[in-house]
Amino acid sequence: MNGNPFAPEAGPAWRRHPQAPAPGTALGRVDEIEDPGVRVLSFGSGRRVFSMLLVRHGDAVRAFLDACPHNWLPLSWRGGSLLSEDGARLVCSNHFAEFDADDGRPVSGPADCGLDAIPVRVENGAIVMG
Ligand code: FES
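As the structure is a computational prediction, the values presented were derived from the model and not from experiment. (Residues numbered from 1 in each chain as written. Predicted model: local features only at pLDDT ≥ 70, side-chain atom pairs only at ≥ 80, totals over all residues. Heavy atoms only, no water.)

> Please provide a residue-by-residue account of the pairing of strand β9 (residues 126-129), values included.
Pairing of strand β1 (residues 26-29) with β9, which is carried by two bridges, proceeds in the antiparallel orientation. Across the sheet, residue alanine 26 finds its bridge partner in β9, namely valine 128. Bridge count for strand β8 (residues 120-123) against β9 is four bridges, and the pairing is antiparallel. The partner of arginine 121 across the bridge, within β9, is valine 128. From the end of β8 to the start of β9, which pair antiparallel, there are two residues, and asparagine 124 there has a positive phi angle of about 50 degrees. (Pairing = 2+ DSSP bridges. Helix = DSSP H or I, 4+ residues; strand = E, 2+ residues; numbered from the N terminus.)

> Lay out the UniProt feature "domain: Rieske" (unreviewed entry) in the protein in plain terms, naming residues and giving numbers.
Those residues carrying the UniProt feature "domain: Rieske" (unreviewed entry) are residues 27-129 in this numbering. Helix makes up 0% of residues 27-129 and strand 40%, whereas the separation of the span's terminal C-alpha atoms amounts to 7 Å. (UniProt positions renumbered as here; feature names shortened; annotations may be inferred.)

> Which residues make up the environment of arginine 105, and what are the values?
Topologically, arginine 105 is positioned in the loop between β6 (98-100) and β7 (106-108). The class for arginine 105 is partly exposed, based on a relative accessible area of 44%. For arginine 105 and asparagine 94, which are eleven residues apart along the polypeptide, the C-alpha to C-alpha distance reads 17 Å. In this structure, arginine 105 is in contact with Glu98, Phe99, Asp100 and Gly114, ignoring residues within four places of it in sequence. (Buried < 20%, exposed > 50% of the residue type's maximum accessible area, 1.4 Å probe, protein only. Contact = heavy atoms within 4.5 Å.)

> Just give me the short version of the packing of aromatic side chains, but keep the residues and values in it.
Inspection of the entire model under this criterion finds one aromatic pair. Here the aromatic rings of tryptophan 14 and phenylalanine 50 are separated by 6.2 Å at their centres, their planes lie at 45 degrees, and the arrangement is tilted. Taken together, the residues tryptophan 14 in the segment before β1 and phenylalanine 50 in strand β3 (residues 50-57) connect sequence positions 36 residues apart. Pair check on accessibility: tryptophan 14 and phenylalanine 50 agree, each one buried. (Phe/Tyr/Trp six-rings, centres within 6.5 Å; stacked < 30°, edge-to-face > 60°.)

> Go over the nonpolar core, please, and point to the residues and values.
Formed by 17 residues in total, the largest nonpolar core has its most connected members in Leu27, Met52, Leu54, Ile118, Val120 and Ile127. Counting residues per element, the ones that place at least two in this core are β3, β4 (60-65) and β9. For isoleucine 118, the residues in contact, after removing those within four places along its chain, are Trp14, Phe50, Met52, Ala63, Phe64, Leu65 and Met129. Among the nonpolar cores identified, the runner-up in size contains 14 residues, and Cys92, Ala97, Ala101 and Leu115 belong to it. (Core = buried A, V, L, I, M, F, W, Y, C linked by side-chain atoms within 4.5 Å.)

Given below as structure tokens:
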């Protein structure tokens, strides 16, 4: 990469992760995820793993980095459901910070900023990295 990798024009930091899926990567099908529901997708392994959350509501899918801005642990670290009962909020399994499931902004708990959104699109029921 040329230039300053931390300059705003270099894009979000997660794009520079060596295991981050490239634009156009197939991420599965919408109907493979509960409605509403969350799927954790991981690329690579060990300390170099890249994990993301796919959040389904009907035909819509949002994606976020699986990294809680409270302590930078995966939201999914301790397992269990990551969605509130009404499906409106993502809930970190560590210290229970809550984030809006649509846009990732913090709603309650110890996180003072939101989740990193990852662009995805749905094409004929297939989820594709944006
Ligand atoms: S690491 Fe998510 S709330 Fe603390």
